[in-house]
Amino acid sequence: MADAFTRDDAVVTGKTLAEARDELGKAEGIVVLTGAGVSAASGIPTFRDAGGLWEGEKVEDLATPGGFNRDPVRVWRWYQSRRNAIRECQPHDAHRAIARLTLARPDVTVVTQNVDGLHQEAIRQLAQRDSALPPVLELHGSILRDRCNLCSARDDGPSRQGANHTAHIEDRASLPRCARCGGLMRPAVVWFGETLPHEALDTAFERARQADVCIVAGTSAIVHPAASIPMATLETGGVIWEVNPSNTPLSRHAARTFRGDAGEVLSHLA
Ligand code: OAD
């Protein structure tokens with residue numbers, strides 16, 4: 001697959017990357033919707049590919065409020081091992097390409113289902129500053145933060161290397177507690193059955209409706225409402241481009257389909 005993207009005129013599903021790049025240059029409004037495949041090259045497993053995070057696991061045990069209430073120690077251990085692994089990971093080509101695009105153009109909106117903070121880290125590294133950076137809309141929260149399971153008070157920690165809970169979890173007594181109400185803290189991710197953050201979701205749909213192009217990269221596009229966002233672009237006269245080695249339910253709606261690695265394809269497009 002790598003060689004297919006080494007030349008500017010490389011043909012990808014009948015159209016060229018060079019053409020696509022020109023079209024992107026003329027587009028007014030671009031939404032980039034990302035999923036776990038975009039962070040795969042950083043060493044973070046996806047959910048549903050072979051060897052993915054859900055393999056051999058029950059989603060309802062690990063990623064639902066009911067699962068947490070039944071066995072918070074198990075849920076915390078699982079998220080903490082992911083959190084510790086993610087803290088060791090760095091952005092790679094796909095994050096950097098998306099960061100270049102968003103820093104170069106104010107009409108680019110990055111919307112992610114990923115909870116790893118790597119888009120923000122790539123933007124920060126490229127801009128070489130911590131403030132006044134373009135926002136990334138995190139639809140499924142962040143694994144790098146905690147929040148209270150009862151009162152929702154947040155503990156953001158100062159940074160990616162922050163002070164939120166990393167200590168070894170032995171039993172229920174070693175679980176972190178809310179400084180405000182004493183309730184159990186939990187990772188600040190969105191679980192199945194929970195509502196997505198309203199502001200991020202509303203902004204994502206609004207930008208998608210205004211966008212000429214919605215680039216959908218590295219997501220199986222089966223978890224809604226995130227997977228519905230590109231349809232808002234389509235319904236208002238824009239187009240969907242998909243970057244994914246595999247077919248998804250969105251593929252048949254895509255005007256361009258790049259069957260390749262997100263890092264490689266996006267580096268050519270941005
Ligand atoms: P999935 O694991 O469902 O899908 C990952 C997608 O990335 C697949 O379609 C792969 O083909 C594609 N992929 C793999 N490697 C790639 C690469 N190098 N370049 C481009 N694409 C690649 O992950 P998501 O779609 O992100 O939610 O999953 C959506 C949500 O389901 C997650 O946010 C999570 C999960 O359950 C919650 O936990 C609430």
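Our subject is the structure listed above.
### Examining the sheet that holds strand 11 (residues 254-258)
Phase 1 of the analysis: Within the open sheet, the six strands sit side by side as 5-4-3-9-10-11. Their pairing is parallel. Each of the sheet's edge strands pairs with one partner strand only, and the pair in question is strand 5 (136-138) and strand 11. Here the strands of the sheet are splayed against their neighbours by 20° on average, with no regard to which way each runs.
Phase 2 of the analysis: The pairing of strand 3 (residues 30-34) with strand 9 (residues 213-217) spans five bridges and is classified as parallel. What sits directly across from isoleucine 30, in strand 9, is valine 213.
Phase 3 of the analysis: Where helix 1 (residues 17-26) meets the sheet, it contacts strand 3, strand 9, strand 10 (239-243) and strand 11, and its direction lies at approximately 130° from that of strand 11.
Phase 4 of the analysis: Across the sheet, helix 9 (residues 262-269) lies against strand 9, strand 10 and strand 11, angled at about 135° from strand 10, the strand it touches most.

### Describing the pattern of salt bridges
Phase 1 of the analysis: All told, the structure shown has 14 salt bridges when counted by the stated rule.
Phase 2 of the analysis: The partner of glutamate 19 in a salt bridge is arginine 256, with the nearest N and O atoms 3.6 Å apart. Of the two residues, glutamate 19 sits in helix 1 while arginine 256 sits in strand 11, which places them 237 residues apart along the sequence.
Phase 3 of the analysis: The residue glutamate 194 makes a salt bridge to arginine 147 at a minimum N-O spacing of 4.0 Å. Pair noted here: glutamate 194 is in the loop between strand 8 (185-189) and helix 7 (198-210) and arginine 147 is in strand 6 (residues 141-148), with a separation of 47 residues, a long-range link.

### Comments concerning the nonpolar core
Phase 1 of the analysis: Ranked by size, the top nonpolar core spans 27 residues in total, and within it Ile215, Trp241, Val243, Phe258, Leu266 and Leu269 carry the most contacts.
Phase 2 of the analysis: Secondary-structure elements contributing two or more residues to this core are helix 1, strand 3, helix 5 (93-104), strand 4 (108-112), helix 6 (118-127), strand 9, strand 10 and helix 9.
Phase 3 of the analysis: Among the elements that take part in this core, helix 5 stands out by supplying five residues, more than any other.
Phase 4 of the analysis: Counting 26 residues, the second-largest nonpolar core is a separate cluster that includes Ile44, Ile86, Ala153 and Leu175.

Reading guide: rules and limits
Residues numbered from 1 in each chain as written. Predicted model: local features only at pLDDT ≥ 70, side-chain atom pairs only at ≥ 80, totals over all residues. Heavy atoms only, no water. Pairing = 2+ DSSP bridges. Helix = DSSP H or I, 4+ residues; strand = E, 2+ residues; numbered from the N terminus. Axes fitted to C-alpha atoms, helices over the stretch in contact; angles between N-to-C directions. Contact = heavy atoms within 4.5 Å. Salt bridge = Lys/Arg side-chain N within 4 Å of Asp/Glu carboxyl O. Core = buried A, V, L, I, M, F, W, Y, C linked by side-chain atoms within 4.5 Å. Buried < 20%, exposed > 50% of the residue type's maximum accessible area, 1.4 Å probe, protein only.

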